[in-house]
Amino acid sequence: MSAISVAHHKKEGAQSATIMAIELDGEIYYLPQVDLITFENTQHLQESNKDGRSVASIKVGDHIVPIYCLSKDFELLNQIPDERKVCVISGYGDRRFGFLCDKIQKLSYSKIKLEPVPACMSAQNSPLSSLFLYRMESGGIELGMMLRSQSLLSFLDNSLKFDAA
Amino acid sequence: MNATAEHSGADVVTETAASAWVLEVADNISVAISQYEMNHIDESSGLIKVPKAPVWCDHVMLWKNQVVPVMDFIKIYDPEYRSSDVAYDSIMVAIVRVFDDSEQKINYGAIRILQPPVLEKISNKQASKKQEIDQKWNGISVSAFNYKQTVVPVLDIKSLFGGSLEH
């Protein structure tokens, strides 16, 4: 993995890739903008229509979307920590789901080269899709961990199955 | 590196030797890698945790603009650390070359070590019999040899970092 991307804040041109930086308890994960349907303030959450391990639901268009709460290590939480202020709505195929985060920020990258999670680190049930390196404007190199809607949905499905077993 | 005996003639065994790095990876547990797989010894800080990865390899280090997974045998074979969430301050690692045949390139992996490694000449007369090798090394070792009253497995680096380790 040698390609280093350069992070900027909403300044890049049309060639850049736009991704969302999602914060969970101080940890930052990334989600391609194309995987984001919308995000909402948690004030719009509804207590009704919860299913399985979801902590709430929200109405998006015609859809009632289950909302999950995850720790920074991707453990499903039953209670919503005070820090969770934003509800990220994503989807894969015709399924919609949401999860809560502390902050969300839009970033652009001049280029980004995703690499798979090393084989020795791959777990059967992980929401991580890939890793990448990027250079901060300060010059430092950081590791980015990329989520995708498909990997998140698969992770949630498997976690719920494990809970039910 | 194969520490196997060569027969030349009737009952004459020729002694051959190869160099191997011996790495102490946990208390009373050493492993070996071939001389050519060792790349660098590093004192590493700032390891980054990757969530939902196996407990024995749930951190990476950034080295030469590459993401390098860090393998920690202590978490596999020492029950005290088996499920613990160890926060690494600074650890010594051996950075090894992982040859990727499919892409004709070299990746890197790191193995946590407790002491600086030792380069040893290993004779074929030190070769261990297959039944002497602890089953825990199945799938991630290619052979083993006797060394200081212990049996030291020679790691199959490609399998180790290719995800063959299951515990």
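For the structure, see preceding data.
Position labels on residues start from 1 in each chain and follow its written sequence. Written order determines the labels here, with chains lettered from A and ligands numbered from 1. The model is predicted, so local features are restricted to residues of pLDDT at least 70 and side-chain atom pairs to those at 80 or more, both for listing and for counting; the totals for chains, interfaces and linings are taken over all residues.

Novice: If you had to explain the overall build of chain A to someone new, which residues and values would you point to?
Specialist: Each helix is a run of DSSP H or I of at least 4 residues and each strand a run of E of at least 2, with the numbering of both proceeding from the N terminus. What chain A contains, in helices and strands, is one helix and 11 strands. Listed N to C, the secondary structure of chain A is β-β-β-β-β-β-β-β-β-β-β-α in terms of helices and strands. Once C-beta atoms are placed from the backbone, each residue is buried if 20 or more other C-beta atoms lie within 10 Å of its own, exposed if 12 or fewer, and partly exposed for counts between those two. In chain A, buried positions account for 34% of the 165 residues. For the purpose of contact definition, each residue receives a C-beta atom placed from its backbone, and two residues are in contact when these atoms lie within 7 Å. Long-range pairs, those at least 24 residues apart, make up 55% of the contacts in chain A with a sequence separation of at least 6.

Novice: Run through the environment of Leu131(A), naming residues and quoting values.
Specialist: With respect to the secondary-structure elements, Leu131(A) resides in strand β10 (residues 128–135). In sequence terms Leu131(A) and Ile141(A) are 10 residues apart; their C-alpha atoms lie 13 Å from each other. Setting aside anything within four residues of it in sequence, one finds Leu131(A) in contact with Glu115(A), Val117(A), Leu143(A), Gly144(A), Met145(A), Met146(A) and Val67(B).

Novice: Give a description of the interface of chain A and chain B that names residues and reports values.
Specialist: Interface size is often expressed as the accessible area that is lost when the parts come together. Contact with chain A, which involves 20 residues of that partner, is made by 19 residues of chain B. Sorting the residues of the side of chain A that touches chain B by element identifies β10 and β11 (141–147) of chain A as the ones contributing at least two each. When its residues are assigned to classes, the side of chain A that touches chain B shows 14 nonpolar, four polar and two charged. Polar here means any residue other than Ala, Val, Leu, Ile, Met, Phe, Trp, Tyr, Cys and Pro, which are nonpolar, and Asp, Glu, Lys and Arg, which are charged; Gly is therefore polar.

Novice: Tell me about the pairing of strand β5 (residues 56–60) of chain A, and name the residues and values.
Specialist: Residue and element names in this part refer to chain A. By the bridge criterion, five bridges tie β5 to strand β6 (residues 63–68) in an arrangement that is antiparallel. Bridge pairing links alanine 56 to isoleucine 67 in β6. Any two strands are treated as partners once DSSP identifies two or more bridges connecting them. Between β5 and the antiparallel strand that follows it, β6, lie two residues; glycine 61 among them carries a positive phi value of about 60°.

Novice: Describe in detail the sheet that holds strand β8 (residues 66–71) of chain B, supporting the description with residues and values.
Specialist: Residue and element names in this part refer to chain B. Taking strand neighbours across the sheet as the criterion, the six strands line up as β5-β9-β10-β8-β7-β6 in an open arrangement whose pairing is mixed. In this open sheet, the two strands that pair with only one neighbour each are β5 (38–45) and β6 (48–49). Sheet topology note: the β8/strand β10 (residues 105–113) ladder contains two bridges and is parallel. Bridge pairing in β10 links valine 70 to alanine 110.

Novice: Account for the sheet that holds strand β8 (residues 95–101) of chain A, with residues named and values stated.
Specialist: Residues and elements named next belong to chain A. Strand order in this open sheet of five strands is β4-β7-β8-β6-β5, and the pairing throughout is mixed. Each of the sheet's edge strands pairs with one partner strand only, and the pair in question is β4 (36–41) and β5. When strand polarity is set aside, the average angle formed by the axes of neighbouring strands in this sheet is 30°. Of the strand pairs in this sheet, β4 and strand β7 (residues 86–92) are connected by five bridges, and their pairing is antiparallel. Along β7, the bridge assignment pairs phenylalanine 39 with valine 88. Structural elements are reduced to axes, namely lines fitted to C-alpha atoms, with helices fitted over the stretch in contact, and the angle between N-to-C directions of any two is expressed from 0 to 180 degrees.

Note that all results are geometric; they support no functional claim without further evidence.
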